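Structure at a glance
Next come the chains, spelled out residue by residue.
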Amino acid sequence: MSAPALEVTGLSKAFGGGLGVAGRRTPFLAVDDVSFAVPKGEVLGIVGESGSGKSTVARLIAGLMTPTAGAIAVDGRTLESLGRKERRSVHAEVQLVFQDALASLNPRRTVRRALAAPLRSLLGMPRGAAEGRIANLAGQVGLDTAMLDRYPHELSGGQAQRVALARALAASPRLLLLDEPTSALDVALQNRVLDLLQSLKEKLGLTYVFISHDLAVVSRIADTVAVMKGGRIVEHGSAAQVFGRPQADYTRLLLASIPGNRRSCG
Ligand SMILES: Nc1ncnc2c1ncn2[C@@H]1O[C@H](COP(=O)(O)OP(=O)(O)O)[C@@H](O)[C@H]1O
Ligand SMILES: [Mg+2]
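The sections below set out a description of the structure shown in this document. (Residues numbered from 1 in each chain as written. Chains lettered and ligands numbered in written order. Predicted model: local features only at pLDDT ≥ 70, side-chain atom pairs only at ≥ 80, totals over all residues.)

Most of strand β9 (residues 224-229) sits inside the fold, with five of its six residues counted as buried. Here six bridges tie β9 to strand β10 (residues 232-238), and the two strands are oriented antiparallel to one another. Bridged to A226 within β10 is H236. Turn length for the β9-β10 hairpin, with the two strands adjacent in sequence and antiparallel, is two residues, and the turn residue G230 shows positive phi of about 55°. (Buried ≥ 20, exposed ≤ 12 C-beta atoms within 10 Å, placed from the backbone. Helix = DSSP H or I, 4+ residues; strand = E, 2+ residues; numbered from the N terminus. Pairing = 2+ DSSP bridges.)

With 72 residues, the main nonpolar core has I61, L115, V163, A166, L177, V209 and F210 as its most contacted residues. Those residues in contact with I61, other than ones at most four positions away along the chain, are L6, V8, I72, V94 and L177. (Core = buried A, V, L, I, M, F, W, Y, C linked by C-beta atoms within 7 Å. Contact = placed C-beta atoms within 7 Å.)

Before going further, it helps to examine the sheet that holds strand β3 (residues 43-47). Taken in spatial order, the six strands make up an open sheet running β6-β7-β8-β3-β9-β10, and their pairing is mixed. For this open sheet the edge positions go to β6 (94-97) and β10, each flanked by a neighbour on one side alone. Neighbouring strand axes in the sheet, compared pairwise and without regard to direction, differ in orientation by 15° on average. In the sheet, β3 pairs with β9 via four bridges, with the strands oriented parallel. Of the residues in β9, the one forming a bridge with G45 is V225. Together, β3, β6, β7 (175-179), β8 (207-211) and β9 form the strand contacts of helix α1 (residues 54-62), whose direction differs from that of β7 by roughly 150°. (Axes fitted to C-alpha atoms, helices over the stretch in contact; angles between N-to-C directions.)

Around ligand 1 sit F15, G16, A30, G48, S50, G51, S52, G53, K54, S55 and T56, and that is every residue in its neighbourhood. Considering every element that reaches the shell around ligand 1, the biggest residue donor is α1, with three residues. Tallied by class, residues from the shell around ligand 1 come to two nonpolar, eight polar and one charged. (Near = placed C-beta within 6 Å. Nonpolar A, V, L, I, M, F, W, Y, C, P; charged D, E, K, R; others polar.)

Right, here's the structure in full:
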């Protein structure tokens, strides 16, 4: 059996509290002993209310923050055991996509330049090859090539999210961490981006961690679901089980809060 695309063991992240000097706040655990594994080609959905620690989990996996405790293994390679250079190459395989695609783009750079940057810096691609790859990336995410010479403010929300996705795909990652990728979009656009994510996953053999506070969205794409509350996973199972036969009271509460309970079973 091959290693999971991602395995997280006992992951914790503490914030605040300084050095524990008397009178200071004690550090609080934004992520508290989180463990899960995502087999290759699958989608793990992480759901939970705002502040439950979802984005912190994504940032830790992406290497933007150092865990207080725990281990992260990508494709069987434990990050903590790797040297700086190897860790960088593993991190090129793991890309984070944010909710606010517009804010993640440099306003003074055209889409073409935004896509060229990772091709140069992560892959060292020469200009000519990068041009071909940029057109190819635009095609993959369904972005009209006319958009390549636009600036971020000239893009619609859906187009900006496609650019963010294309940029994440530039270095041919194997794992995408999608943090509320559709939350800024209206329902029709959400569905189109979900369809796009689904087809990219199949075409490129990707694995996703899909984070959202919106259970209806997660139920459309996830194979397994982890429910977070206060930094901990309170329920974890197949999407059918978590949505159809929730065990934790908190999951039932979340499900009951879906408007019109749009989904009823896995
Ligand atoms: N860099 C930080 N410094 C201090 N506290 C943080 C930081 N990032 C997140 N937090 C806190 O950690 C908790 C979890 O945040 P986050 O992971 O963003 O939750 P979610 O994505 O589920 O809304 C929140 O209480 C948040 O205020
Ligand atoms: Mg968040």
